[in-house]
Amino acid sequence: GQQLNQSPQSMFIQEGEDVSMNCTSSSIFNTWLWYKQDPGEGPVLLIALYKAGELTSNGRLTAQFGITRKDSFLNISASIPSDVGIYFCAGYEPYSGAGSYQLTFGKGTKLSVIP
Amino acid sequence: NAGVTQTPKFRVLKTGQSMTLLCAQDMNHEYMYWYRQDPGMGLRLIHYSVGEGTTAKGEVPDGYNVSRLKKQNFLLGLESAAPSQTSVYFCASSSRDSSNQPQHFGDGTRLSIL
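All values reported here derive from a predicted model rather than from experimental measurement.

Chemist: Help me get a handle on the nonpolar core, residues and values and all.
Modeler: By size, the foremost hydrophobic cluster in this structure holds 21 residues, and its most contacted members are Trp34(A), Leu74(A) and Leu111(A). If you list the elements that add at least two residues to this core, you get strand E2 (10-14), strand E3 (19-24), strand E4 (31-37), strand E5 (44-49), strand E7 (61-65), strand E8 (71-76), strand E9 (85-92) and strand E11 (109-114) of chain A. Judged by nonpolar contacts, the second largest core, of 19 residues, contains Val4(B), Met19(B), Leu21(B) and Met32(B).

Chemist: I'd love a proper account of the environment of Gly85(A), names of residues and values included.
Modeler: Residues and elements named next belong to chain A. Relative to the helices and strands, Gly-85 resides in strand E9. Here Gly-85 falls in the buried class, since its relative accessible area comes to 6%. Taking the C-alpha atoms as reference points, Gly-85 and Pro-43, 42 residues apart in sequence, are found 10.0 Å from one another. In contact with Gly-85, other than residues within four places in its own chain, are Lys-36, Gln-37, Thr-109, Lys-110 and Leu-111.

Chemist: Tell me about the state of the cysteines, and name the residues and values.
Modeler: All names here are of chain A. Counting across every chain of the model gives two disulfides over all chains. Linked covalently through their sulfurs, Cys-23 and Cys-89 form a disulfide whose S-S length is 1.6 Å. Looking along the S-S bond of the Cys-23-Cys-89 disulfide, the torsion reads about -70 degrees, which is the left-handed sense. Of this pair, Cys-23 sits in strand E3 while Cys-89 sits in strand E9, and the two are 66 residues apart along the sequence. Exposure remark for Cys-23: the relative accessible area of 0% places this residue in the buried category.

Chemist: Lay out the pairing of strand E9 (residues 87-94) of chain B in plain terms, naming residues and giving numbers.
Modeler: Working note: regular strand, side chains alternate between the two faces of the sheet. All names here are of chain B. Burial runs high along E9: seven of the eight residues are buried. The pairing of strand E4 (residues 31-38) with E9 spans seven bridges and is antiparallel. Paired with Trp-34 across the two strands is Cys-91, which belongs to E9. Relative to strand E11 (residues 109-113), E9 runs antiparallel, the two sharing three bridges. Directly across from Tyr-89, in E11, lies its bridge partner Thr-109.

Chemist: A description of the sheet that holds strand E7 (residues 65-67) of chain B should follow, citing residues and the corresponding values.
Modeler: Residues and elements named next belong to chain B. Ordered in space as E1-E3-E8-E7, the four strands form an open sheet in which the pairing is antiparallel. Edge positions in the open sheet fall to strand E1 (4-7) and E7, since each of these has one partner strand only. Pairs of neighbouring strands in the sheet enclose a mean axial angle of 20 degrees, with direction left out of account. Pairing of E7 with strand E8 (residues 73-78), which is carried by three bridges, proceeds in the antiparallel orientation. Residue pairing for E8: Val-66 is matched across the bridge by Leu-76.

Chemist: Run through the interface of chain A and chain B, naming residues and quoting values.
Modeler: Interface size is often expressed as the accessible area that is lost when the parts come together. In this complex, chain A contributes 21 residues to the contact, which on the side of chain B involves 22 residues. Here chain A and chain B share an interface that buries about 1800 Å² over both sides, 54% of which is from carbon and sulfur atoms. Our count for the chain A to chain B interface comes out at zero salt bridges. Listing elements by their share of the side of chain A that touches chain B, those giving two or more residues are E4, E5, E9 and strand E10 (103-105) of chain A. Looking at which element gives the most residues to the side of chain A that touches chain B, the answer is E4(A), with four residues. Per-class residue counts for the side of chain A that touches chain B are 12 nonpolar, seven polar and two charged.

Chemist: Tell me about the pattern of salt bridges, and please be specific about residues and values.
Modeler: Residues and elements named next belong to chain A. Per the counting criterion, the structure on display carries five salt bridges over all chains. Salt-bridge contacts for Asp-38 lead to Lys-36; the nearest nitrogen and oxygen are separated by 3.1 Å. By relative accessible area, which is 28% here, Asp-38 ends up partly exposed.

Chemist: Could you give an account of the packing of aromatic side chains, naming the residues involved and the relevant values?
Modeler: Tallying each qualifying case throughout the model produces nine aromatic pairs over all chains. Relative to Phe105(A), the ring of Tyr35(A) has its centre 6.2 Å away and its plane inclined at 40 degrees; by these criteria the two rings are tilted. A residue pair is termed long-range when its members are at least 10 positions apart, and Tyr35(A) in strand E4 and Phe105(A) in strand E10 qualify at 70 residues. As far as the burial class goes, Tyr35(A) and Phe105(A) line up, both buried. Judged by centre distance (5.8 Å) and plane angle (65 degrees), the ring pair of Tyr64(B) and Tyr89(B) falls under edge-to-face. A residue pair is termed long-range when its members are at least 10 positions apart, and Tyr64(B) in the loop between strand E6 (54-57) and E7 and Tyr89(B) in strand E9 qualify at 25 residues. Residue class for Tyr64(B) comes out buried when judged on its relative accessible area of 9%.

Analysis parameters
- Residues numbered from 1 in each chain as written.
- Chains lettered and ligands numbered in written order.
- Predicted model: local features only at pLDDT ≥ 70, side-chain atom pairs only at ≥ 80, totals over all residues.
- Heavy atoms only, no water.
- Core = buried A, V, L, I, M, F, W, Y, C linked by side-chain atoms within 4.5 Å.
- Buried < 20%, exposed > 50% of the residue type's maximum accessible area, 1.4 Å probe, protein only.
- Helix = DSSP H or I, 4+ residues; strand = E, 2+ residues; numbered from the N terminus.
- Contact = heavy atoms within 4.5 Å.
- Disulfide = S-S within 2.5 Å.
- Pairing = 2+ DSSP bridges.
- Axes fitted to C-alpha atoms, helices over the stretch in contact; angles between N-to-C directions.
- Buried area = accessible area lost by both parts, 1.4 Å probe.
- Salt bridge = Lys/Arg side-chain N within 4 Å of Asp/Glu carboxyl O.
- Nonpolar A, V, L, I, M, F, W, Y, C, P; charged D, E, K, R; others polar.
- Phe/Tyr/Trp six-rings, centres within 6.5 Å; stacked < 30°, edge-to-face > 60°.

Structure (structure tokens):
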């Protein structure tokens, strides 16, 4: 199936720095979702984006739905140690029968924060 | 405020054994999903269900079966476990209130096949 290209795969940053990660696709998406996964737990929804150009914040997190509908980015400002984890992008493609129920995931960005 | 609950949390099986993983959600969601997560592979959809009594294949369905006899439960079965099925399994659910609702995940079942 469709794959999302998520980058970077991993990053090491100093506490207090800002972080940026993104996802791109060769086809358009109707919805972009950003999840965070802590070790030993399931993914937890951070931000949902439903409209091209939409910019949404959740505390220190900001995500945008690309105007072309083929990309999205997530920014984390002033990182803290508890930001450590794996961040996944995911998206729903335009309605295409059974496939419209299925989320497509990126492979994740592993974030490490150095105190 | 349970959300999506998976049981068991850990399990070790021998090759050829069978088992069933249980997923229960208390959010009255219509859609439920089973994924497996392997290092470097991200989350891959095994099977999903869009309502009670209905199931459909995802990206990697071979070796698994599912059942959705009750709206709140979605069972994943391994009839004859193989080492390649060693993985972390996640269940998720979402509502049908409008299109493209976010999926909510359980905490996973860590399965090792020896």
